[in-house]
Amino acid sequence: MRKLLYALAATTLFLTSWAHAAPELRSDHPERYTVVKGDTLWDISARFLNNPWYWPEIWHVNPQVANPHLIYPGDRLALVYIDGKPRLTKVATSDVVRLSPQVRSEPIDTPIPAIPLDAIGSFLTDTRIVSPEELNGAPYVLEGEDGRIITGAGDRIYARGDKPANKVGVFRRSKEFRDSETGEFLGLEARSIGAGEVTAENGDVLTVNLTTSNQEVRIGDRLLTNVNRSIATSFVPSAPDQKVEGQMIAVDGGVSQIGQFDVVAINRGTREGLEAGNVMAVLKSGNRVRDPVTGETIELPSERAGLLMVFQAYEKMSYGLVLQASRALAVGDKVTNP
């Protein structure tokens with residue numbers, strides 16, 4: 001019972017410290033800033049705050065702004081103080097622009113995203129974490145029209161299996177993720193190769209017209225129901241609701257050194273309380289050194305070396321985008337609450 005009370009007290013202290021932590025302004029912060037194309041909420045907040053993930057606490061809702069997170073290129077932002085606390089707000093421009101009669105066509109502006117979406121777009125719309133049973137039980141490509149073994153957009157292919165849906169995605173088995181400490185299976189990554197539409201069924205043989213492809217479709221690739229997942233632009237940064245400790249288990253592209261805007265997989269997911277928008281600190285493992293007196297091998301303490309934001313959380317694992325890295329990171333580095 002005493003241990004339970006200690007645990008509850010520690011959890012309450014952690015949540016309270018996060019809830020009441022105050023955003024700290026950078027010493028060189030600007031008083032005003034004009035949003036430009038290519039900005040993200042993270043970039044802008046990093047200009048004002050030492051810890052950019054506190055941006056929900058500094059954006060101020062005012063009558064001019066229906067949604068303070070909808071910021072567009074050209075908007076002017078001002079740092080103001082309300083009840084002694086810093087707040088970032090949009091301000092109306094006082095510039096007067098004379099317009100002469102003319103026809104002008106411009107694309108409609110879209111609000112700036114929270115984080116760089118081009119770095120994670122394919123993971124939100126194409127890549128999936130599935131079970132081996134789900135992928136192995138899906139229809140598989142037999143061949144293309146005229147006996148082709150490699151096909152692409154505009155081609156017809158034949159597959160065998162139960163029809164999953166009219167609109168299907170073509171997927172290829174990729175990485176299998178396991179917890180490096182426990183060996184637990186965490187998920188199987190299925191990479192999107194293309195998409196198509198089932199046009200005919202002959203028993204368990206399906207005829208599929210490929211509408212798009214980003215790689216060559218090959219014999220053995222699998223068909224899964226094509227799910228149109230829109231890219232979320234409204235990630236709101238937050239600390240996990242509970243203490244989470246894990247590690248980076250893979251990096252997209254298989255590079256040896258991980259840096260800013262790399263996509264990584266971590267061995268913690270929704271069952272540990274993670275959700276999209278959670279910010280995690282990355283701890284670089286300390287060097288192992290030999291004690292000159294005793295001869296023992298000592299591991300130095302881990303040091304904070306970066307920040308990542310979870311953008312896709314599955315049951316046992318998640319994908320995150322590295323937003324800050326003070327030095328090269330690596331698979332195996334620890335992640336924890338910021």
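Scroll up to find the structure this text is about.
Fair warning: this is a prediction, and the values are worked out from it, not measured in the lab. (Residues numbered from 1 in each chain as written. Predicted model: local features only at pLDDT ≥ 70, side-chain atom pairs only at ≥ 80, totals over all residues. Heavy atoms only, no water.)

Caption draft 1: Quick look at the packing of aromatic side chains. The full count for this structure, using the stated rule, is four aromatic pairs. Their ring planes at 80° and their centres at 6.2 Å tell us that W42 and W55 sit as a pair that is edge-to-face. One end of the pair, W42, is in helix α2 (residues 41–48); the other, W55, is in helix α3 (residues 55–58), and 13 residues separate them in sequence. For the pair W42 and W55, a shared accessibility class is recorded, and that class is buried. (Phe/Tyr/Trp six-rings, centres within 6.5 Å; stacked < 30°, edge-to-face > 60°. Helix = DSSP H or I, 4+ residues; strand = E, 2+ residues; numbered from the N terminus. Buried < 20%, exposed > 50% of the residue type's maximum accessible area, 1.4 Å probe, protein only.)

Caption draft 2: Seen up close, the sheet that holds strand β19 (residues 318–325). Spatially, the six strands close up into a barrel ordered β13-β14-β19-β18-β15-β20, and their pairing is antiparallel. Taken over all neighbouring pairs, the strand axes of this sheet differ in orientation by 45° on average, direction set aside. Across six bridges, strand β15 (residues 279–284) lies against strand β18 (residues 303–313) in antiparallel orientation. Residue L283 lies in a different strand from β18, and its bridge partner there is R304. (Pairing = 2+ DSSP bridges. Axes fitted to C-alpha atoms, helices over the stretch in contact; angles between N-to-C directions.)

Caption draft 3: Molecular detail of the pattern of salt bridges. Tallying each qualifying case throughout the model produces 20 salt bridges. As a salt-bridge pair, E299 and R288 come within 3.5 Å of each other at their nearest N and O atoms. Here E299 is found in strand β17 (residues 297–299), whereas its partner R288 is found in strand β16 (residues 288–290), with 11 residues between them in sequence. With a relative accessible area of 58%, R288 lands in the exposed category. (Salt bridge = Lys/Arg side-chain N within 4 Å of Asp/Glu carboxyl O.)

Caption draft 4: Structural view of a nonpolar patch on the surface. Together, I149, I150 and I219 make up a nonpolar patch on the protein surface, roughly 280 Å² of accessible area in all. Looking at the secondary structure, you find I219 in the loop between β11 (217–218) and β12 (222–225). We classify I219 as partly exposed; its relative accessible area is 47%. (Patch = residues over 30% accessible without salt bridge, like charges linked within 9 Å, V, L, I, M, F, W, Y side chains within 5 Å. Areas by Shrake-Rupley, 256 points an atom, 1.4 Å probe, with all protein chains shown as cover.)

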